[in-house]
Amino acid sequence: DLNRFDKIDATGEAEKFIAFLDGVAALPEVIARRRISYQMLALQPGMFVAEIGRGPGTAARELAALVHPGGHVYGFDISGRFITLARARAFAASAKVEFQVADAATLPLADGCLDAYRAERVFMHLKRPEAALACTT
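Residues numbered from 1 in each chain as written. Predicted model: local features only at pLDDT ≥ 70, side-chain atom pairs only at ≥ 80, totals over all residues. Heavy atoms only, no water.

1. Regarding helix α5 (residues 80-92)
And step 1. For α5, built from 13 residues, the straight-helix expectation of 18 Å at 1.5 Å per residue is met to within 8% by its first-to-last C-alpha distance of 18 Å.
And step 2. All of the buried residues in α5 are F82, I83, L85, A86 and A90. Considered in projection along α5, the buried side chains sweep an arc of 165 degrees and stay on one side of the axis. α5 presents F91 and A92 as exposed residues on the side facing more than 90 degrees away from its buried surface.
And step 3. Packed against the buried residues of α5 are α1 (8-11), α2 (14-25), α4 (58-67), β2 (72-77) and β3 (98-101).
And step 4. With a side-chain oxygen lying 3.3 Å from the backbone nitrogen of R81, the N-terminal cap of α5 falls on S79.
And step 5. Where α5 terminates, the next one or two residues include S94, which has phi positive at roughly 55 degrees. (Helix = DSSP H or I, 4+ residues; strand = E, 2+ residues; numbered from the N terminus. Expected span 1.5 Å × (residues − 1). Buried < 20%, exposed > 50% of the residue type's maximum accessible area, 1.4 Å probe, protein only. Arc of directions from axis to C-beta. Contact = heavy atoms within 4.5 Å. Polar contact = N/O pair within 3.5 Å; in protein donor to acceptor, adjacent residues only side chain to side chain.)

Written as structure tokens, this is what we have:
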């Protein structure tokens, strides 16, 4: 059941979710949408950015390239399996991203420390999306 993104680690089927997300991330329309979102955020070197619901970390790696040098990307996901994979992929790509397991509603960041916040296809999977949105203000 690919609707259980809040329980990926408990399903025992993380590889199925990873294959699904990798396939979606490679679709031309999804690539175009990610690029548009980066433009809308007006990302520049030196900015601090949070990427929420990171999955395997594709967007976080791309964001790192846009905000470095001097910037920082935090990648958060509720799945430890996704975070482990995202870290490995970032290391292999020499992308500087700090990945952590965290709930979208309780990010371990100080107020006002971000220049940008990005979440794609995340809020529909949250039990309380309004709590995660409150973190963005």
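Having seen the model, we can carry on.
2. Some details on the pattern of salt bridges
Where charged atoms from two side chains of opposite charge approach closely, those side chains can pair.
And step 1. Within this structure, the stated rule accounts for eight salt bridges.
And step 2. A salt bridge links D22 to R89; the nearest nitrogen and oxygen atoms lie 2.8 Å apart. A residue pair is termed long-range when its members are at least 10 positions apart, and D22 in helix α2 and R89 in helix α5 qualify at 67 residues.
And step 3. Residue class for R89 comes out partly exposed when judged on its relative accessible area of 25%.
And step 4. Note that E120 is salt-bridged to R118, the shortest N-O span being 2.4 Å. When sorted by exposure, E120 lands in the same class as R118, which is buried.
And step 5. Beyond isolated ion pairs, a larger network of salt bridges with shared partners links R33, E51, R54, R118 and E120. (Salt bridge = Lys/Arg side-chain N within 4 Å of Asp/Glu carboxyl O.)

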